[in-house]
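# Working through the structure, step by step
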Amino acid sequence: MGLLSKVIGAIISGAGAFILFYGMSDPNMSWVWFFIGLLVISIGFQMLTAGGKQKAPKPPPPTITEVKCDNPTCDFKEIRDFQKGDYVLKPLDAKCPKCGSKMTIQGVYIVKEEDEKDKINV
Amino acid sequence: MSSTQPNDFSWIINLLFFGFIMLFSLYGAKIQMWQWLNQIKMGLGELGRMADDSKQKAIDTFKEFGRGQDEVTKGIERWLDYFTIMPVDLDPAGVLRRLDHLLDERRDRFQEYVRELAPNANSSVDQNLENTLEVTQVLSLIFRVVRHYYILGKKTGSQLIIMQVQMQMPELLRMAKAYYDAIGAFSDGKPIGDGLGPLVISKFARQYGVSSEGYVQEIGREVGYYPVEAEGRTIYALRATGPGGTVGKPGFAVKTLVDQNKGEIARIITVDAALKLEGEETGRISEGTGAAIGDPGPEKHAIEETATENGIGIEAIVVKEDEAGAVGVMEKKVLDAVPEVIERIREVILKRTKPGDKIILAGIGNTIGIGI
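Let us look at the structure shown here. (Residues numbered from 1 in each chain as written. Chains lettered and ligands numbered in written order. Predicted model: local features only at pLDDT ≥ 70, side-chain atom pairs only at ≥ 80, totals over all residues. Heavy atoms only, no water.)

## A few points about the packing of helix α6 (residues 196–207) of chain B against helix α11 (residues 338–352) of chain B
Residues and elements named next belong to chain B. Contact geometry of α6 with α11 gives a least axis separation of 10 Å together with a crossing angle of 70°. Our classification of the angle between α6 and α11 gives roughly perpendicular. The way α6 lies across α11 gives a crossing that is right-handed. Facing L196, L199, V200, K203, F204 and Q207 of α6, the residues of α11 in contact are V338, V341, I342, I345 and I349. Grouping the amino acids of the contact of α6 with α11 by side-chain chemistry returns 9 nonpolar, 1 polar and 1 charged. (Axes fitted to C-alpha atoms, helices over the stretch in contact; angles between N-to-C directions. Helix = DSSP H or I, 4+ residues; strand = E, 2+ residues; numbered from the N terminus. Parallel < 35°, antiparallel > 145°, perpendicular 65-115°, else oblique. Left-handed = near helix turned anticlockwise from the far one by under 90°. Contact = heavy atoms within 4.5 Å. Nonpolar A, V, L, I, M, F, W, Y, C, P; charged D, E, K, R; others polar.)

## Quick look at the packing of aromatic side chains
This model, assessed by the stated rule, comprises 9 aromatic pairs over all chains. Between B:W79 and B:Y82 the ring centres are 4.3 Å apart and the planes differ by 10°, which places this aromatic pair in the stacked class. Ring geometry for B:Y215 and B:Y226: centres 5.0 Å apart, planes at 65°, overall edge-to-face. Of this pair, B:Y215 sits in the loop between α6 and β1 (216–220) while B:Y226 sits in strand β2 (residues 223–230), and the two are 11 residues apart along the sequence. Side by side, B:Y215 and B:Y226 carry an identical accessibility label, which is buried. Through a chain of ring-to-ring contacts, the aromatic side chains of B:W79, B:Y82, B:F110 and B:Y113 assemble into a single cluster. If you follow B:K332 out to its NZ or CZ, it ends over the ring of A:Y109, 5.3 Å from the centre. (Phe/Tyr/Trp six-rings, centres within 6.5 Å; stacked < 30°, edge-to-face > 60°. Buried < 20%, exposed > 50% of the residue type's maximum accessible area, 1.4 Å probe, protein only. Lys NZ or Arg CZ within 6 Å of the ring centre and 35° of its normal.)

Okay, here's the thing in C-alpha cells:
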C-alpha cells in the first residue's frame, strides 16, 4: 500500500506538471490550467509524502554487568547480562576461576551508540 | 471568435483569486490553529501512552511485595495526584528552612506510603520503589498539564495558549521519553547516570584501602562517609547510603562535618553529574568553583553557607551527560570517566591543600544500584 500510493502520487505529480507546463501554452485558458496543474501537483505530492511508516522505537541497549577479580595481580574480568539484584561494588560468592580470589561487580552499564543520522557536526 | 473566450472564463479566475485571498485572510489563523491542535493531540497521545505504561510498570513492580493488584492500583492512582505546596517567598527570610522542612515532610510521606503499599520490601527496595513511583508521578503530571492546556486552548480558542504548548511539545516529549526509558532502571535497581558522584566516592575510598566496613553511617539523613587517609591528608569521603535509590541530604551532612571539625577543614570538593550542552561529548569532565549539587535549594545553601562562614575553599568536578543519560541506566562512557575524576581529585588535594589538612569530598547523586 505504501509503495503503491507513492507510485500513484508520483504519476499524479507528473500529470500535474504536464498540465501546468503545457496548459500555459494555451493563451485563452492558461490561468485555469495553471491552477488545475498546481492543484494536481499538490495532490500528487501529498500522496508521495503522506503515510510514511512511523519509525519503530529502537529497543534499549542491553544492560551489562562487569565482574572483576579483587586480586590486584589478577586480570580476570567477566562481562555478562544484568541480573536482578546486581549492583556496583556487590561482593560475589563466586570465586575467580583464574586465581580463586573473591570477585566484585565493578560496573553495571549500557553502551549507547549515537545514531550517525542524529549527529550534527559543527 | 477565440479572442472573446478569455472573457468567458475570467470571472472564474477572479472568483478563485478573491476566494483564496478571503479564505486565508479571514481563516488563515484558524487553519493554523487547527494544525497546531492536531500536532498537540498527537503529542498528547504519546504522553498518555507513556503515562499509562509507566503506571502499569509501577503496579507490576509494587504487587511483587505483598499487596494485591486492586489495592496497588487504587493506591498508585491516589498517589499520582500528591502535591507539595512551595513555601511563600513574598517574605524570603527563612524560605530555605521552610522549604527544607516541607521536603522532609514530603519524603516522610513517600516512605510511609511505599511501606504501606509494599510491606514485604526491605529498606533498599523501598527506596527503589520510591524512585519508581516518582517517575510515574512525573509522567502523569506532564500528561495532565499538557492535556489541561490543550483542552483550555480548544475551549477558549486562545492562540497564545495553543501556540505555546505546540512550541514546547518537542522538548516535553524529549523529557517525558527520558523518564519513560528510565523507569525500568528504577524498578530493577540499576545504577543511573546521576549516580556518578557516589560511585566516584566509593571507588576513591577503595583505591586508598577503605572498604564498606569503614563506612560511617548516618552523619545526615541517609548519608554517611568513609574516613580516608590519602596523600598525608584526612579526607571525609561523603555520599548517600546505597544501593537503594536515594540522594540523601549531603548538604547538611557537609555542614555537620564542618561543625564537628571546627576550623580544621581546608577544602570542600563536590563531585556530581552535570547536564551537557548539545554537541559536547558524554563523559567529558569539567572543573569549577562552587557546590555542584542540583537540589531545590536547601542543601546547596547549607554547603555555601558553611563554606563562607568558615572561609573554606569550595570546588566542583562534574561529568557531563544529557538528561536521558542522567535518569537512565549509567552509560559506559560515564563509568569510564571515574578513574580520571579520581585523578583530578588527587590533583586538587595535592595542589590546594597541605599535608595534615582535613578535606571533605562529597559525591552528590542518586545511589540506586551503587553499593557502599
